[in-house]
Amino acid sequence: MQSPAPSAPTPVSLAHSRPSAWQGPLSLLLSGAVLWTFAVHAWPRRGPAGALEGGAFLVIGLTLAYLLHRFALPFIAAQLTTRPPRLRLVWCVTCAVMSFGLLRALPLHFIRSPDAMTLEVTATQEHAPSTGHSQVWVKALRRADGSTVEPNEWRPEKADSWELRDDGVWVSTPQQPTKLQWHGLVSGAMTLVLQAPPHSSVTEYTWNNRTERVDLHEGEPSERMVPLAVPPSSTLDRLCFHAAHVLALSALLLFLGLWLSSRPSWEPRLTTPASWQDAAHAVPLVAVACLWLLAVYPGVLTSDSADQWNQANWGSMNDAHPVFHTFMLHWLFVLWRTPAIAVLAQILTAGGLLAWGTLLLKRAGAPRWALLLTAAVMALSPVNGVMLSTLWKDIPFSLAMLALSLLVFRAATRTETPGLGFWAGVIITGALTLLTRHNGAPAVLGTALALIALRPREWRLAVLVLVTTFALSAGSRALIFRVYDAVPGPAGTTLLGYLGAHVASGTTVTPEEAAILDDIRPRADRWNYHCFSNVFTLFDGHINVEALRRHAPELPALLGRLTLRDPKPVMNHFACASSVLWRIHQGADWMNTNPAWRDSTGQFTTMPVGMAAELHELHPAPILPALGQRLLTGVEASLNPDVSWVLWRPAVPLYLALLACIVVCVRQRTWRQATVLIPLLLHTAGLALFIPSPDMRYQYPAFLIAMMFVPAWLAGGRNGTART
């Protein structure tokens, strides 16, 4: 007799929870921490708070405290009481640890409390013997965030001793010595910008009770940047800052975690027929993506795109870009010789996959509002707008990976034995994954492992499908090579980054090994090594491609020997090169995202400037140019390192997908849906080992898979509604 499954925690409504006496002070403490944490990042103070601002913050704080006291804290308490004491402790400790991790991972920089500081600039009347008089030009005073102090905030010692020009520069008059003073609140280092005119004098400035001299008449006339440091912040300031953040993040994580775990499980509706509403979910994505295409018509092209455009139309195929993708482009361009047809094919494929995915999610039991949210996220994401408009092999590859994940999801949420159509779909989609990028094997292998885990009795069939997929891919490539006389891509580039790390760090080599390395590229400049990208090593004109191809079979053994002598360069290179995949905050790291450039007029263009000859006179011809400029301006603004992590860093969708997958598995008390992420995880692991440069397009599959599944996984079912 089968024992009954353990019951899920009793759902507790926010409206019916009752506050306890201890929750009043805790509500005030939490509201203060949350409000200060938000305000310190959203509105950094540069001056004393006015009465209106202070009153607004007081009203918001009291409102937040009431909501916490009346709803949030009673809900948390009621949820925790349904769990054993040890599990309560686990929940609280886990949320605290995660908040510490987020404080380190997110760009929540410490912002010190502002100090009142005074800066005095003195025109000393000292000047070069060759000049009859002297001047001091105070051009700007810049804050740490890049903003500039308003010119009218300066105060001259005497009204006629300084003159404020129309361009905002303060210029001293002949009445010297004279002082120019600024006083205000400072929360970070500042920079004083002095202009050295032809008649420059020795200038003194007083900052933080220290006086320094700047000789402006030495050297050529130019701007002089004078850094102004601030006193170190107190330990108490830092302790309060981090304590408030940890408290606010811990409370937020605890509330969200308990709420998500209390959501009801999905009620499958496997017999629900497809309808026009399922196709309607794809309409916003297709419509918005078509607007992007009209705004950047005929599409976004990079140097890689230009190379494939030429190969598909006029040149011989080179497997540096997968020949199958070039083959597909060739036949699309036969129908209509413009990149727009390839972009349109990408848009329609993405729309079809979204319609199919929402149908599978609906049949699995996802609520309708979650499906609408999925459709909205897919349509409004600027990542999709940029990627689907770009002629890159990464786009069909990513769409094929999304299709593989949907096939695994179908197998995970249905109990009947898959038919011939399902396995044929796995073979065709897997072959497309292998053929559109050279690193498709991990995702295809992950799909086979996921299907074996879901249906262990059919492992022989899964292995047969895997072998057939690889055979179909290899046969298709061989046929294209034979028919189109394609050229193999450059060999040996995969290990170039690791070898460059050894060359740059000076790992000891034997004469034979040194001869191989020097034959590939002279070591005098340390291979122009940059840990995050091998582009500098490959494309600065010093690489010997033929030598690289000739020594390619020897490179794995050479790398193994060098790594045994000194493993540190390899570990450092791996951590640096793969950081784009796992690090949330970009920081000072380089990341390639938006393929757009500015022309000589300052306007955005979606093709590399100066490549008209290589593109055979193909040039941007946007049908909606004003919209295109607005879209690309918005994308550029979103690439600020302190903001870009939300939209563009590949680690965010990967972690969100993992978190949502854990939530749905815990809620439904089964691991089956976790298999959906196996292809993505193996793809990410393979990419981390051999990623050539920090391009987010390599991890575009993570964005698509997260946008497809995360809203529905987190949503749960509908309270009190059983659907069959």
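A quick note: this is a predicted structure, and the numbers were derived from the prediction, not measured. (Residues numbered from 1 in each chain as written. Predicted model: local features only at pLDDT ≥ 70, side-chain atom pairs only at ≥ 80, totals over all residues. Heavy atoms only, no water.)

A. How the structure looks around the overall build of the chain. If you tally the helices and strands in the chain, you get 27 helices and 12 strands. Going through the 724 residues of the chain one by one, you find that 47% of them count as buried. Sequence separation of 24 or more characterises 79% of the internal contacts of the chain that already satisfy a separation of 6 or more. Accessible surface for the chain amounts to roughly 34600 Å². Of this, 65% is attributable to carbon and sulfur atoms. (Helix = DSSP H or I, 4+ residues; strand = E, 2+ residues; numbered from the N terminus. Buried < 20%, exposed > 50% of the residue type's maximum accessible area, 1.4 Å probe, protein only. Contact = heavy atoms within 4.5 Å. Areas by Shrake-Rupley, 256 points an atom, 1.4 Å probe, with all protein chains shown as cover.)

B. Region of the structure containing the packing of aromatic side chains. According to the stated counting rule, one finds 10 aromatic pairs in the structure shown. Ring plane angle 75 degrees and centroid distance 6.4 Å describe the contact between Trp266 and Phe409, whose orientation is recorded as edge-to-face. Placement of Trp266 in the loop between helix H4 (235–262) and helix H5 (276–280) and of Phe409 in helix H12 (residues 394–413) is noted, with a sequence separation of 143 residues between them. For the residue pair Trp266 and Phe409, the accessibility class agrees, reading buried in each case. (Phe/Tyr/Trp six-rings, centres within 6.5 Å; stacked < 30°, edge-to-face > 60°.)

C. Focus on the pairing of strand S10 (residues 223–228). Where burial is concerned, the two faces of S10 differ: the one with Arg224, Val226 and Leu228 is buried and the one with Glu223, Met225 and Pro227 is not. With six bridges joining them, strand S7 (residues 190–195) and S10 adopt antiparallel strand pairing. The residue bridging Val193 from the neighbouring strand is Met225, located in S10. (Pairing = 2+ DSSP bridges.)

D. Main features of the packing of helix H7 (residues 303–313) against helix H8 (residues 323–335). For the pair H7 and H8, the least separation of the axes is 8 Å and the interaxial angle reads 65 degrees. In the crossing of H7 with H8, the sense of the turn from one axis to the other is right-handed. In contact with Gln308, Trp309, Gln311, Ala312 and Asn313 of H7, H8 contributes His325, Thr326, Leu329, His330 and Phe333. Across the contact of H7 with H8, the residue classes break down as four nonpolar, six polar and no charged. (Axes fitted to C-alpha atoms, helices over the stretch in contact; angles between N-to-C directions. Left-handed = near helix turned anticlockwise from the far one by under 90°. Nonpolar A, V, L, I, M, F, W, Y, C, P; charged D, E, K, R; others polar.)

E. Region of interest: the packing of helix H3 (residues 85–105) against H4. Two numbers describe how H3 lies on H4: the axes approach to 8 Å, and their chain directions differ by 125 degrees. Considered as vectors, H3 and H4 are oriented oblique to each other. Remark: the crossing between H3 and H4 carries right-handed chirality. Of the residues in H4, those in contact with Trp91, Cys95, Ala96, Met98, Ser99, Phe100, Leu102 and Leu103 of H3 are His242, His245, Val246, Leu249, Ser250, Leu253, Leu254, Gly257, Leu258 and Ser261. (Parallel < 35°, antiparallel > 145°, perpendicular 65-115°, else oblique.)

F. How the structure looks around the pattern of salt bridges. As enumerated under the stated definition, the model contains 19 salt bridges in all. The salt bridge involving Arg165 is made with Asp167; its shortest N-O contact spans 2.7 Å. For Arg165, a relative accessible area of 31% translates into the label partly exposed. Asp167 sits in the exposed class, given a relative accessible area of 52%. (Salt bridge = Lys/Arg side-chain N within 4 Å of Asp/Glu carboxyl O.)

G. Expanded view of the state of the cysteines. Counting across every chain of the model gives one disulfide. Note that Cys531 is cross-linked by a disulfide to Cys576, the S-S spacing being 1.9 Å. Here Cys531 and Cys576 share a disulfide; its torsion about the S-S bond, 50 degrees, makes the bridge right-handed. Here Cys531, found in the loop between helix H17 (511–520) and helix H18 (535–538), pairs with Cys576, found in helix H21 (residues 568–577); they are 45 residues apart in sequence, far enough to count as distant. Free cysteine: Cys661, not disulfide-bonded; nearest cysteine sulfur from Cys665 at 4.1 Å. (Disulfide = S-S within 2.5 Å.)

H. Summary view of the nonpolar core. Core analysis: the largest hydrophobic core is formed by 80 residues, its most contacted members being Leu361, Phe409, Phe709 and Trp713. Ignoring sequence-local partners within four residues, the contact set of Phe409 consists of Trp266, Leu360, Leu361, Ala364, Gln673, Val676, Phe709 and Trp713. Membership of the second largest hydrophobic core comes to 22 residues, among which are Val121, Leu180, Met190 and Leu228. (Core = buried A, V, L, I, M, F, W, Y, C linked by side-chain atoms within 4.5 Å.)

I. Looking closely at the sheet that holds strand S5 (residues 170–172). Spatially, S4-S5-S2-S7-S10 is the arrangement adopted by the five strands of the open sheet, whose pairing is antiparallel. In this open sheet, the two strands that pair with only one neighbour each are strand S4 (162–164) and S10. Mean inter-strand twist for the sheet, computed between neighbouring axes without regard to direction, equals 25 degrees. The pairing of strand S2 (residues 137–142) with S7 spans five bridges and is classified as antiparallel. The residue bridging Arg142 from the neighbouring strand is Thr191, located in S7.

J. Representation of the side chain of Asp394 within the structure. Within the element layout of this structure, Asp394 appears in helix H12. Beyond its immediate chain neighbours, meaning those up to four positions away, Asp394 contacts Arg437, Arg697 and Tyr698.

K. Local environment of a nonpolar patch on the surface. A contiguous nonpolar patch, built from Leu291, Leu294, Ile623 and Leu624 and spanning about 310 Å² of accessible area, is present on the exposed surface. Summarising the element assignment, Leu291 is placed in helix H6 (residues 283–295). (Patch = residues over 30% accessible without salt bridge, like charges linked within 9 Å, V, L, I, M, F, W, Y side chains within 5 Å.)

L. Layout of H8. Its 13 residues place the ends of H8 19 Å apart at the C-alpha level, agreeing with the 18 Å of an ideal helix rising 1.5 Å per residue. Taken residue by residue, H8 has Val323, Phe324, His325, Thr326, Leu329, His330 and Phe333 as its buried positions. The secondary structure elements touched by the buried residues of H8 are H7, helix H9 (339–364), H12, helix H13 (420–436) and helix H15 (459–484). (Expected span 1.5 Å × (residues − 1).)

M. The side chain of Thr302, seen in detail. Looking at where Thr302 falls in the secondary structure, it is placed in the loop between H6 and H7. Ignoring anything within four residues of it in the chain, the contact list for Thr302 reads Trp392, Pro595, Trp597 and Pro608.

N. The arrangement of H12 in detail. When the terminal C-alpha atoms of H12 are compared, their 29 Å separation across 20 residues agrees well with the 28 Å that a helix rising 1.5 Å per residue should span. Counting buried positions along H12 yields 19 of 20 residues, so the element is predominantly enclosed.

O. Examining unusual backbone geometry more closely. Cis geometry marks the peptide bond from Tyr297 to Pro298; its omega dihedral reads 5 degrees. Along the chain, Pro298 turns up in the loop between H6 and H7. Residues other than glycine seldom take positive phi values, yet Asn528 does so here, at roughly 50 degrees. With respect to the helices and strands, the residue Asn528 is situated in the loop between H17 and H18. Among the residues examined, Asn528 registers a relative accessible area of 24% and is labelled partly exposed.

P. Region of interest: the confidence of the model for the chain. When the pLDDT values of the chain are averaged, the result is 86; 90% of them are 70 or greater. Within the model, pLDDT remains below 50 along residues 1–10, and this stretch shows eight contacts once partners closer than five positions in the same chain are excluded. Predicted confidence for residues 719–724 stays below pLDDT 50, and this span has 14 contacts to residues more than four positions away or in other chains. (pLDDT = per-residue confidence, 0-100.)

Q. Region of interest: the environment of Gly425. In this structure, Gly425 sits in helix H13. Relative accessible area serves as the criterion here: at 22%, Gly425 is assigned to the partly exposed category. Between the C-alpha atom of Gly425 and that of Leu407, which follows or precedes it by 18 residues, the distance is 8.0 Å.

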